[in-house]
Amino acid sequence: MTLGKAAVGVVLGGGTYNIGFNGDDETQFDADSLPDLLECWIDFCAENDFQTDSVDYVERVK
């Protein structure tokens with residue numbers, strides 16, 4: 001699914017977020033907002049040749 005869909009009700013402002021993707025991978029970003037998190041995710045996917053719609057979940061760490 002897309003990050004925007006997975007983030008509904010989870011990304012409510014700044015914090016540290018885990019993004020699970022591709023079934024068994026996970027990465028973590030510090031972001032100030034959903035647009036900031038989306039930018040981090042898109043850049044990460046471009047650098048690593050991942051699809052941006054491969055998100056399994058988003059969880060707030062802190």
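Residues numbered from 1 in each chain as written. Predicted model: local features only at pLDDT ≥ 70, side-chain atom pairs only at ≥ 80, totals over all residues. Heavy atoms only, no water.

## Points about unusual backbone geometry
Short version of the rule: To qualify as a helix, a DSSP run of H or I must reach at least 4 residues; to qualify as a strand, a run of E must reach at least 2; elements of each kind are numbered from the N terminus.
The residue Asn22 is not glycine, and still its phi comes out positive at about 55 degrees. Relative to the helices and strands, Asn22 resides in the loop between strand S1 (15-21) and strand S2 (25-31). In the Ramachandran plot, Asp49 falls in the positive-phi region, its phi being about 60 degrees despite a non-glycine side chain. Mapped onto the elements of the fold, Asp49 is located in the loop between helix H2 (34-48) and strand S3 (55-60).

## A short note on the nonpolar core
Keep this limit in mind: Note on terminology: a nonpolar core comprises buried Ala, Val, Leu, Ile, Met, Phe, Trp, Tyr and Cys residues joined through side-chain atoms within 4.5 Å. Per-residue accessibility, obtained with a 1.4 Å probe over protein chains only, is compared with the maximum for each type, and a residue is labelled buried under 20%, exposed over 50%, and partly exposed between these values. In what follows, a contact means two residues having at least one pair of non-hydrogen atoms within 4.5 Å.
In this structure, Leu3, Ile19, Leu37, Trp41, Val55 and Val58 are the most contacted members of the largest nonpolar core, which totals 15 residues. The set of elements that each furnish at least two residues to this core consists of helix H1 (3-6), S1, S2, H2 and S3. With four residues, H2 is the largest single contributor of residues to this core. Contacts of Val58, omitting those with residues within four sequence positions, involve Leu3, Ala6, Ala7, Val10, Val11, Tyr17, Asn18, Ile19 and Leu37.

## As for the side chain of Asn18
Which entries qualify depends on this criterion: Within 3.5 Å is the distance limit for a polar contact, defined as a pair of N or O atoms, with the added protein rule that one can donate a hydrogen and the other accept it, and that residues adjacent in sequence qualify only through two side-chain atoms.
Along the chain, Asn18 falls in strand S1. Of note is the side chain of Asn18, whose polar atom sits 2.7 Å from the side chain of Gln28. Here Asn18 is in contact with Glu26, Thr27, Gln28, Tyr57, Val58, Glu59 and Val61, once residues within four sequence places are set aside.

## Considering the packing of aromatic side chains
Defined as follows: Any two of the Phe, Tyr and Trp rings considered here, Trp counted by its six-membered ring, make a pair once their centres fall within 6.5 Å; the pair's planes then place it as stacked at under 30 degrees, edge-to-face at over 60, or tilted in between.
All told, the structure shown has six aromatic pairs when counted by the stated rule. Arranged with centres 5.7 Å apart and planes meeting at 80 degrees, the rings of Phe29 and Phe44 form a pair that is edge-to-face. One end of the pair, Phe29, is in strand S2; the other, Phe44, is in helix H2, with 15 residues separating them in the sequence. According to the relative accessible area criterion, Phe44 is buried, its value standing at 17%. Ring pairing ties together the aromatic residues Phe21, Phe29, Trp41, Phe44 and Phe50, which thus form one cluster.

## Overview of the environment of Asp30
In this structure, Asp30 sits in strand S2. Taking C-alpha positions, Asp30 is 6.3 Å from Tyr17, a pair spaced 13 residues apart along the chain. For Asp30, the contacting residues outside a window of four places in its chain are Gly15, Thr16, Asp36 and Cys40. A polar atom in the side chain of Asp30 sits 2.4 Å from the side chain of Thr16.

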